[in-house]
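Chain by chain, the residues:
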Amino acid sequence: MRLKIFLFFAALIWLNSSLVSSQVITLDEIQKKAESNYPAVAQYDIIEKTKDFSISNANRAFLPQGTLSAQATWQSDVTHIDIDLPEGMPPLEIPVPDQDQYRVVAELNQLIWDGGNVSAQKKSLKANAELEKKQLETEIYALRERVNNLYFGILLMKGNLQQQEILESELQRNYKNVQTFVQNGVANEADLSVVKVEQLKTGQQRIQLESTLDAYVRMLSVLAGESLDKDMTFTKPDPDAELMSPSINRPELKMFDAQEVAIESQRSLLKARNMPKLGAFAQGGYGKPGLNMFDTDFSPYFSGGIRLTWNFSNLYTLNNDKKKIDLQRQKVNIQRETFLYNLNTQIPQQEMEIEKYRRTMTDDNEIIRHQTLIREAAEVKVENGTLTVSDLMKEINTEEAVKQAKRLHEIQYLMSIYSLKHTINQ
C-alpha cells in the first residue's frame, strides 16, 4: 500500500515537472507581462481620473457662486447735515446714523463671459495629462532593456549548461579510456588524477552556471509578475525576423511633442488672463442701516446688476511671459535634437556590432570542426603513448572554449539586434 502511494506521488511530481519543462516562453510574451506587471502602470488610471476631476472643477466656474458675510462696526464719526434755514421756517430734523452699524449680506454671482479662461484651463489640463502619460510610457519603455538582458542571460546560461553536459560526458569517456590505459600500462594513476581534476572543475563550473541561471530566472519572475522555472523552454528569437530599417520611433519623441503642446496651451491661459470678465450679481442683506443710511432701524435690502472687471495690470508682463513660453519651446526642441543626435550616433555602432557578430559566427563552426579533429588526434596520441594526458586535457578545454565562444557569439548577435530594436523602438 505504501509503495502504491509513493509511486502515485512520484508520478504526480514527474507529471508536474514535465508540464513545467514543456511550457514555452518567448521574449515578446515576457515583455508584455513585465509591462503589465510594472507598478507604475496604475498611474495611467490616476492621471485620467485626476484630469476628469480637474476639468469638472473648471466647468463649475459657470455655476452660480454664492457668498455670505456678516460684520459689526463702530465708527468714530457719522454723517451730519447742518442746514441754515431762513427765519420763520420751521426747523428741519435730519436723522443722524448711529455710530454702531450691523450688516449681514448674501451675494450671488453668475459668470456670463470669462474671456475664454475656462476653455484655456481645460485645454491646458488635457495637454498636461497627456504629457504625464507620455512620460510614464517613456519610463515603462526603459523596462524592456532590463527584460532583454535577463532573458538573453538565461539563454546563455542554459546553452552553457547544455554544453557542460557534453563536456562532462566527454571527460567521463576519457576517464574510462585512461583507466584502460592504466591497466595496459600506457598511463599511470597521475594521468587518471589529471582527468579527475578536470571533472571536478567542470562540476564547479556547473554549480556557478546553475546559480547564475537561478538568479536570472528569479529576477525575470519578479519583472514578469509570475513564477518562472529554469526548466521551462526559453525560445531564441528568430534573428532574420528581427532585422529592421533604422526608423526611430521612440516614446521620448512623443513625449517631446506632448511637452510642446502643453507649453503652447499656456498661450491660451495667458490670453484669457488678460481679457475682461463679465458677470451678473444679486445681493440681499439685512442690517442697520440698510440702503437708506439715515434709517437707524434694522431693515432688509436688495440690489442686483451686471459687473465688468478687467485686471489690465497683467499687460505689463505680457511680452515677457510670451518670450518665456518661446524659450520653453526652444528648450524642448534642443532636448529633442540632442536626443536624436545621440541615437543617430548610437545606431551605426549597433549596426556594426550586428555585422561583426554575424561575420564572426560564420567561422565558429569551422573552428570547432578543426579543434575537434585536433582533440581526436590527441586522444589517439595518448592511446599510442606519444602525448600526455595533461596535453589532452588542454585540447579538450580548448575545444570546449571554442564551443562556448560560438554560443556566446549567437547570444551576442541576438542581443545586438534587440539593442538596435530598443534604440529605434521597432
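The structure this text deals with has already been given above.
What counts, and where the lines are drawn
Residues numbered from 1 in each chain as written. Predicted model: local features only at pLDDT ≥ 70, side-chain atom pairs only at ≥ 80, totals over all residues. Heavy atoms only, no water. Phe/Tyr/Trp six-rings, centres within 6.5 Å; stacked < 30°, edge-to-face > 60°. Helix = DSSP H or I, 4+ residues; strand = E, 2+ residues; numbered from the N terminus. Buried < 20%, exposed > 50% of the residue type's maximum accessible area, 1.4 Å probe, protein only. Axes fitted to C-alpha atoms, helices over the stretch in contact; angles between N-to-C directions. Parallel < 35°, antiparallel > 145°, perpendicular 65-115°, else oblique. Contact = heavy atoms within 4.5 Å. Nonpolar A, V, L, I, M, F, W, Y, C, P; charged D, E, K, R; others polar. Polar contact = N/O pair within 3.5 Å; in protein donor to acceptor, adjacent residues only side chain to side chain. Pairing = 2+ DSSP bridges. Core = buried A, V, L, I, M, F, W, Y, C linked by side-chain atoms within 4.5 Å. Left-handed = near helix turned anticlockwise from the far one by under 90°. Salt bridge = Lys/Arg side-chain N within 4 Å of Asp/Glu carboxyl O.

Caption draft 1: Structural detail: the packing of aromatic side chains. The full count for this structure, using the stated rule, is seven aromatic pairs. Between the aromatic rings of Tyr151 and Phe234, the centroid separation amounts to 5.8 Å while the plane-to-plane angle is 65°, which identifies the pairing as edge-to-face. In this pair, Tyr151 is assigned in helix H5 (residues 143-184) and Phe234 in strand E4 (residues 233-234), connecting sequence segments 83 residues apart. When sorted by exposure, Tyr151 lands in the same class as Phe234, which is buried. By the ring-pair criterion, three or more aromatic residues cluster together here, those being Tyr151, Phe152, Phe234 and Tyr418.

Caption draft 2: Examining the packing of helix H3 (residues 43-59) against helix H4 (residues 117-141) more closely. Interaxial distance between H3 and H4 falls to 9 Å at its minimum, and their mutual angle equals 175°. On the basis of their axis angle, the class for H3 and H4 is roughly antiparallel. Between H3, through Gln43, Tyr44, Ile47, Glu48, Lys51, Ser54, Ile55, Ala58 and Asn59, and H4, the contact on the second element is made entirely by Val118, Gln121, Lys122, Leu125, Lys126, Ala129, Glu132, Lys133, Leu136, Glu137 and Ile140. The residue makeup of the contact of H3 with H4, split by class, is nine nonpolar, four polar and seven charged.

Caption draft 3: Quick peek at the side chain of Gln371. Among the secondary structure elements, Gln371 is positioned in helix H9 (residues 318-384). Judged by its relative accessible area of 10%, Gln371 is buried. In this structure the side chain of Gln371 is engaged in a polar contact, spanning 3.0 Å, whose partner is the side chain of Glu395. Beyond its immediate chain neighbours, meaning those up to four positions away, Gln371 contacts Glu395, Thr398, Glu399 and Val402.

Caption draft 4: Local environment of the pairing of strand E2 (residues 65-74). Burial analysis of E2 places just zero of its ten residues in the buried class, a small minority of the element. Where E2 lies against strand E3 (residues 100-113), ten bridges are found, and the strand directions are antiparallel. From the neighbouring strand, Ser69 faces E3, where its bridge partner is Val105.

Caption draft 5: Structural view of the nonpolar core. Formed by 26 residues in total, the largest nonpolar core has its most connected members in Ile30, Val147, Tyr151, Leu220 and Phe234. Broken down by secondary-structure element, the contributors of at least two residues to this core are helix H2 (27-37), H5, helix H6 (189-224) and helix H10 (389-424). Take this core: its biggest share by element is ten residues, from H5. Beyond its immediate chain neighbours, meaning those up to four positions away, Leu220 contacts Ile30, Val147, Leu150, Tyr151, Ile154, Leu228 and Phe234.

Caption draft 6: Quick look at the packing of H6 against H10. Direction vectors running N to C along H6 and H10 enclose 25°, while the axes themselves pass 9 Å from each other. By the angle class used here, H6 and H10 are roughly parallel. Judged by the twist between their axes, the crossing of H6 over H10 is right-handed. From H6, Asp191, Val194, Val195 and Glu198 reach across to H10, where they touch Val389, Ser390, Met393 and Asn397. Broken down by class, the residue content of the contact of H6 with H10 amounts to four nonpolar, two polar and two charged.

Caption draft 7: How the structure looks around the pattern of salt bridges. Inspection of every chain in the model, using the stated rule, returns 32 salt bridges. Between Arg336 and Asp257 there is a salt bridge; the shortest N-O distance is 2.9 Å. Note that Arg336 is positioned in helix H9 and Asp257 in helix H8 (residues 251-273), a separation of 79 residues in sequence. Residue classification places Arg336 among the buried residues on the basis of a relative accessible area of 14%. By relative accessible area, Asp257 is classed as partly exposed at 40%. Via salt bridges that share partners, Asp257, Glu260, Glu264, Arg267, Asp326, Arg329 and Arg336 belong to a single interconnected network.

Just distances and angles here, no functional claims.
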